[in-house]
Every structure is written in structure tokens, then in C-alpha cells.
Amino acid sequence: GNMRSEFRRGPIFANLVLADEINRATPKTQAAMLEVMQEHKVTVAGETYKLAEPFFVMATENPIDQDGTYPLPEAQMDRFMFKLIMTFPDEQNLADIVRMTQITMDETANAAMEGADILEMRALANTVPIIDEVLEYAVRLVSNTHPELDKSCDSAKKYVKYGASPRAAQALVTCAKIRALINNNFNVSYEDIDALALPVLRHRIKVNYTAVSEKLTVDDVIAKLIKETKK
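The model shown is predicted, which means the values in this text are computed figures rather than measured ones.

## What about the nonpolar core?
No. 1: In this structure, L141, L172, I193 and L201 are the most contacted members of the largest nonpolar core, which totals 33 residues.
No. 2: Looking at this core, the elements that each hand over two or more residues are α5 (132-143), α6 (154-159), α7 (166-182), α8 (190-201) and α10 (218-229).
No. 3: Of the residues forming this core, the biggest block, 8 residues, is contributed by α7.

Right under this line is the structure:
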């Protein structure tokens, strides 16, 4: 008849966590995700549990329905490496989606690779060289998102309310190394930095009322920042 408590591991203890409409999670849940996404560990009742590597979080966010949603705090948004905009599919892709849902099929999943392979690929990507000039360009681009800095560009001072964090510069360089490998290049180029600026920065920058009044999106402002950084 004695009672005891037992810790049972939840869905966060996985290599790949899919969070559907993450902005429907309560602020308490979102706050708990900060430790998991940054430290790859969970602390419960003073005891810490490390997550198995590799660990990834992929999430969707519904930008239309605001009832019953909680905006993600900037600190949590900053933990996501990319923010991708999913546009409405064209007619061909929409037709493929409809066809797939009309066929009853058993769900099967085949292993593509082992976790150790992903960790090895990650280690390889870290070895890709980046020359000082390209690194300085990436750092200067992120710095130019801060309107409060004396050396920031005019577009930042005019359109940006809050700039990107140092984590943005880290993500930009890391992803540029991976893009270089995908394109069979042995070093990071300016093109790699420019190509990844939108998905890396768009969720880390807050535009001000001037940008909104001129109907400029975050992507429009980032494009201006890239252009001015190259001068």
C-alpha cells in the first residue's frame, strides 16, 4: 500500500521531435522547451536526464488562427536554426496530396541512416574552412541588423526594432559550411552566406512600425541589409 513516484520518459526523449503548431503550447511548456533545445537535457525534480544524440526539433506554426495560441518568446525562436515559409502548393502538388489521402496504405518507415552517421556528418561539416573575409562578412551582416550600433547600416536604423543574436552568426556560418559541402565546394563562399541569410535571420529580427507602414516584410528588410552590407 506504499505510494511511490516513478519518472516516465515522454515524447521529448527522441532523436527527432515533431511539434505540430507549437504556438498552441502553453507558455509553461514553451519555457520547458528552452532547456531541451539548448542543453539537450531535461531536469525533473532536481534530477537531470540527458537526451540521446543527435537531437532535433522540427515545429510548425500556424500564422493565421490566433485563437488559443501563445506567441513563441524570442529566446525560444532563437533556438531554431531555420524558419521556412511554406506557401500554398501549386495545382500539381495539391493533386498529389489529394491522391495520397485517397489511398489506404499501411504506414511504413525505413531507416535511412544511423544516428552515428549523422553525428559523423556533423563533425565533417565543422571542418569545412571559411576564410577570414567571408567570416567577417557574415559577422558584419548580423551586426548590421542592430539599429543601436553606430556602424549599422541605414536600413537597420530605419526599419529594425530588434536585431539578431550572436547565435544567428553561429547558425549562419554553420549552415554555410553544410551548403558548401552539398554543392561540392571545399570552402564557404559569399554566396553561401547570402543564400542562407533569409531562413537563418527572418525569425530573429523584429521590424518596426516604419517597415510595417511601408508594407515591407522581414525578408524585404533582410534583402536591404544584404545589399548595404556588400557596399
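## Describing the pairing of strand β2 (residues 41-44)
No. 1: The sheet contact formed by β2 and strand β3 (residues 47-50) spans 4 bridges and is antiparallel. Along β3, the bridge assignment pairs T43 with T48.
No. 2: Count of turn residues in the β2/β3 antiparallel hairpin: 2 residues, of which A45 carries a positive phi of about 50°.

## Description of the packing of α5 against α8
No. 1: Where α5 contacts α8, the axes come no closer than 10 Å and their chain directions differ by 25°. Between α5 and α8, the interaxial angle falls into the category roughly parallel. In this structure, α5 meets α8 at a crossing whose hand is right-handed. Residues E133, V134, Y137, A138, L141 and V142 of α5 form the contact with α8, whose own contacting residues are Y190, I193, D194, A197 and L201.
No. 2: Residue composition of the contact of α5 with α8, by class: 9 nonpolar, no polar and 2 charged.

## Structural notes on the packing of α5 against α10
For any two helices packed against each other, the geometry comes down to the angle between their axes and how far apart the axes lie.
No. 1: With their axes 10 Å apart at the nearest point, α5 and α10 run at an angle of 135° to one another. Put simply, α5 runs oblique to α10. Considering only the axes of α5 and α10, their crossing is right-handed. Residue-level contacts link Y137, R140 and L141 of α5 to L225, I226 and T229 of α10.
No. 2: Within the contact of α5 with α10, the residues separate by chemical class into 4 nonpolar, 1 polar and 1 charged.

## Things to note about the layout of surface pockets
No. 1: Approximately 270 Å³ is the volume found for the second largest pocket.
No. 2: Around the second largest pocket, the lining is made up of 14 residues, and of these I12, F13, A32, V36 and V42 lie nearest the centre.
No. 3: Counting residues per element, the ones that place at least two in the lining of the second largest pocket are α1 (27-39) and β2.
No. 4: It is α1 that contributes the most residues to the lining of the second largest pocket, 5 residues altogether.
No. 5: Counted by class, the lining of the second largest pocket contains 10 nonpolar, 3 polar and 1 charged residues.

## Quick look at the packing of aromatic side chains
No. 1: Within this structure, the stated rule accounts for 4 aromatic pairs.
No. 2: Each ring, one from F13 and one from Y49, has its centre 6.4 Å from the other, and the planes form 85°; the classification is edge-to-face. You can see F13 sitting in the segment before β1 (16-19) and its partner Y49 sitting in strand β3, a full 36 residues away along the chain. The same class applies to F13 and to Y49, which are both buried.

Cut-off values and rules
Residues numbered from 1 in each chain as written. Predicted model: local features only at pLDDT ≥ 70, side-chain atom pairs only at ≥ 80, totals over all residues. Heavy atoms only, no water. Core = buried A, V, L, I, M, F, W, Y, C linked by side-chain atoms within 4.5 Å. Buried < 20%, exposed > 50% of the residue type's maximum accessible area, 1.4 Å probe, protein only. Helix = DSSP H or I, 4+ residues; strand = E, 2+ residues; numbered from the N terminus. Pairing = 2+ DSSP bridges. Axes fitted to C-alpha atoms, helices over the stretch in contact; angles between N-to-C directions. Parallel < 35°, antiparallel > 145°, perpendicular 65-115°, else oblique. Left-handed = near helix turned anticlockwise from the far one by under 90°. Contact = heavy atoms within 4.5 Å. Nonpolar A, V, L, I, M, F, W, Y, C, P; charged D, E, K, R; others polar. 1 Å grid on protein atoms, 1.4 Å probe; cavity = no way out; pocket = protein on both sides within 12 Å on 5 of 7 lines; lining within 4 Å. Points joined across faces, edges and corners; volume = space filled by probe spheres on them. Phe/Tyr/Trp six-rings, centres within 6.5 Å; stacked < 30°, edge-to-face > 60°.

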